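# Overview (structure and organization)
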Amino acid sequence: MIRVGNLDVSIARRKVYEVGVPIDLSSRALELLLMLVEANGSLVRKSDIMKAVWPDTVVEENNLYVHVAAIRKLLGDYRDMLVCVSGRGYRLNFETQSIKSSGIEEVVSTSPIRKFAPPVSNTTLFGREKALTDVRSLLQQYAVVTLVGAGGIGKTRIAVEVAHKLSRDFCDSVLFVDLAQLTEPTTVRTIVSEAMGEVETVGISGWRKHNAAMHSMLIVLDNCEHVIEAATRCVENLIATKPGVRVLVTSREPLRAQGEVVFRVEPLDIGPIGVFSDVPPLPSSVEMFLDHASCIDLRFGRDAASVRRISRICQRLDGLPLAIEIASARAAVLGIEALADAIGDRFNNLSGGHRTALPRHQTLNATFDWSYNLLDVNEQKVFRRLGVLHRPFDISDACIVAADSEMTEADIVDAICGLCSKSLLADDVTRTKREHRLLETARSYALLKLEDNGERGVTEQRCELLEYGKSHRAPRVQLNCVPPRRI
Ligand SMILES: Nc1ncnc2c1ncn2[C@@H]1O[C@H](COP(=O)(O)OP(=O)(O)OP(=O)(O)O)[C@@H](O)[C@H]1O
Ligand SMILES: [Mg+2]
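None of these values were measured; they are calculated from a predicted model.

Protein coordination of the magnesium ion (ligand 2) is provided by T156 (OG1) and N223 (OD1), with donor distances spanning 2.1 to 2.2 Å. Remark: N223 occurs in the loop between β10 (217–222) and α10 (228–241) and T156 occurs in helix α6 (residues 155–165); sequence separation between them is 67 residues. Taking relative accessible area as the criterion, T156 reaches 28% and is therefore assigned partly exposed. We classify N223 as buried; its relative accessible area is 5%.

Moving on to the sheet that holds strand β9 (residues 174–178). Adjacent strands of a sheet pair through backbone hydrogen bonds, lying either parallel or antiparallel. With parallel pairing, 5 strands are arranged side by side in an open sheet as β9-β10-β11-β8-β12. Looking at strand neighbours, the two that pair on one side only are β9 and β12 (260–264), the edges of this open sheet. Within this sheet the neighbouring strands show an average axis-to-axis angle of 20°, counted without direction. Pairing of β10 with strand β11 (residues 245–251), which is carried by 5 bridges, proceeds in the parallel orientation. Bridge pairing in β11 links I219 to V247. Helix-sheet contacts for helix α5 (residues 129–141) involve β8 (144–148), β10, β11 and β12, and the interaxial angle to β11 is about 135°.

Our next topic: the pattern of salt bridges. Scanning all chains against the criterion turns up 21 salt bridges. Residue D427 pairs with R434 through a salt bridge whose shortest N-O separation is 2.7 Å. On the basis of relative accessible area, D427 is assigned to the partly exposed category, the value being 37%. Overlapping salt bridges, with partners in common, bring together K381, R384, R385, D404, E406 and E455 in one network.

Once that is clear, we can look at the sheet that holds strand β1 (residues 2–4). Taken in spatial order, the 4 strands of this open sheet run β1-β2-β3-β4, and their pairing is antiparallel. Both edges of this open sheet fall to β1 and β4 (21–22), since each of them pairs with a single strand only. Pairing analysis gives 3 bridges linking β1 to strand β2 (residues 7–10), with the strands arranged antiparallel. Among the inter-strand pairings, R3 is bridged to a residue of β2, identified as D8. Set on the sheet, helix α1 (residues 27–38) makes contact with β1, β2 and β3 (15–18); between it and β2 the angle comes to about 85°.

With that settled, the discussion passes to the site of ligand 1. In the vicinity of ligand 1, 21 residues are found, and the nearest of them are F126, K155, R252, R360 and H361. Taking G154, its main chain carries an N or O atom lying 3.0 Å from an oxygen atom of ligand 1. Measuring from an oxygen atom of ligand 1, one finds a side-chain N or O atom of K155 at 2.6 Å. For the shell around ligand 1, the elements supplying multiple residues, two or more each, are α6 and α13 (321–334). Across the shell around ligand 1, the residue classes break down as 8 nonpolar, 7 polar and 6 charged. Both of domain 2 (129–264) and domain 3 (284–365) provide at least three residues apiece to the shell around ligand 1.

Attention now goes to the packing of helix α2 (residues 46–53) against helix α3 (residues 61–75). Running from amino to carboxyl end, α2 crosses α3 at an angle of 85°, the nearest separation of the two axes being 11 Å. Taken as axis vectors, α2 and α3 run roughly perpendicular relative to one another. Along the contact surface, α2 presents K46, I49 and M50, while α3 presents E61, L64 and Y65. The residue makeup of the contact of α2 with α3, split by class, is 4 nonpolar, no polar and 2 charged.

Take the nonpolar core next. Of all hydrophobic cores here, the largest spans 50 residues; its most connected members are L248 and F289. Counting residues domain by domain, this core receives three or more from each of domain 2 (129–264) and domain 3 (284–365). Apart from the residues within four sequence positions on either side, F289 is in contact with F300, I310, I313, C314, I324, A327, S328, A331, I336 and L339. If you look at the next biggest cluster of nonpolar residues, it comprises 31 residues, including L389, A403, M407 and I412.

What counts and what doesn't
- Residues numbered from 1 in each chain as written.
- Chains lettered and ligands numbered in written order.
- Predicted model: local features only at pLDDT ≥ 70, side-chain atom pairs only at ≥ 80, totals over all residues.
- Heavy atoms only, no water.
- Donors = N, O, S within 2.8 Å, 3.2 Å for Na, K, Ca; no water.
- Helix = DSSP H or I, 4+ residues; strand = E, 2+ residues; numbered from the N terminus.
- Buried < 20%, exposed > 50% of the residue type's maximum accessible area, 1.4 Å probe, protein only.
- Pairing = 2+ DSSP bridges.
- Axes fitted to C-alpha atoms, helices over the stretch in contact; angles between N-to-C directions.
- Contact = heavy atoms within 4.5 Å.
- Salt bridge = Lys/Arg side-chain N within 4 Å of Asp/Glu carboxyl O.
- Near = heavy atom within 4 Å.
- Polar contact = N/O pair within 3.5 Å; in protein donor to acceptor, adjacent residues only side chain to side chain.
- Nonpolar A, V, L, I, M, F, W, Y, C, P; charged D, E, K, R; others polar.
- Domains from an automatic or database assignment.
- Parallel < 35°, antiparallel > 145°, perpendicular 65-115°, else oblique.
- Core = buried A, V, L, I, M, F, W, Y, C linked by side-chain atoms within 4.5 Å.

Spatial relationships are all this shows, so hold off on functional conclusions.
Put into structure tokens, the structure is as follows:
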């Protein structure tokens, strides 16, 4: 991905983005822009452009001017970057870019600010228009907004997009602090201070002076769940001492900090359950799948039957972007049918995410391990035991399935609250009752863990007892009835 003024240009994908959103550019203008980017600031001769852009036709030079004008229009404030070298051709002046860029463009420069600038996303963002608007508006009202959701659901991705979109509102004073690699909670404060220090030390050249003085800025604290207490203290301290600061947090569980509002990130749209349509507009999960698969193999099929199969797969993956990303890469190699079979054993078969992704995003297994390892012992027990429940369940169902002689009912209820808070249980709220369920991928993982712990047989018996009792209106099975009776 190469930054050209306000645009990000991907030569491999042949796409142009503005703050992560793909731009519609005519094929000829795109060809021209790609040639200029590839030339990396050198002159591209008019005759070469004409040959490449109109390979089979001889056209008037006026046609070229139309596309030059279209690119300049897109470049907006950076229009001067596209330089006409009289009578000879065109080139991109990357120096203009670095002079103009005093904040956000540091993303691609080598200045010290780069360390805490929001990263540039090089793939299209699907299905998050409303989430972006909602989060922006929450940031106007609340000092701390926490994006909460399951691993791989797209919290970081949304935070990155919001950070770019708000860079103007905060006059480029946007810091992005990724805590994913921290292992020691005490270092949260140090890294945040280091980021804030950047404003002061690099402030005069890199940041708008008045903002540095007023501390009006947006700080994104990304991936906080494993250092949650330290992150909470740090956030509370920040907003108490720097009134102009807004904090956008991403975490698998809420901070429970003062002044915090929680925004739950939902999976991507998967369309109505059990309906697999090939008629546009397609659900965002299906669009994402198609886009990713065709980036790996341009010949990837978009015929009606393939789209319907993909739609089924996306539903089985619960619209989880990370799972879709990994599965689409597999589909591009194995084909859709083989992938559909492989999903049954998704934890063994779905690996091979982006090579540069975080280790915990390389496989679905690693993503769930990260969450599972952060649970306490009771939460782990209850989570894996709930894997036997195929349907939504209430607290008393959960207590029956998860019970053992070591946990009281209160322990199980606590564990369920913990699992909800940590985004491992989804809510199913109807008008009359509140139920919970495990998403399919979480359920498959829970069953693996149950198996590993040698508890699958016993827990399935409990589940059978429960279902039997329900269908025969038998009195509730007693809690703590261990060992479970054989049916
Ligand atoms: N709406 C989307 N459109 C396209 N790609 C997406 C979308 N949401 C997420 N992704 C991709 O899915 C992957 C996982 O997303 P992300 O890192 O944002 O998840 P997360 O919720 O922050 O996970 P974790 O809890 O592990 O930090 C990333 O590669 C990201 O680019
Ligand atoms: Mg994240």
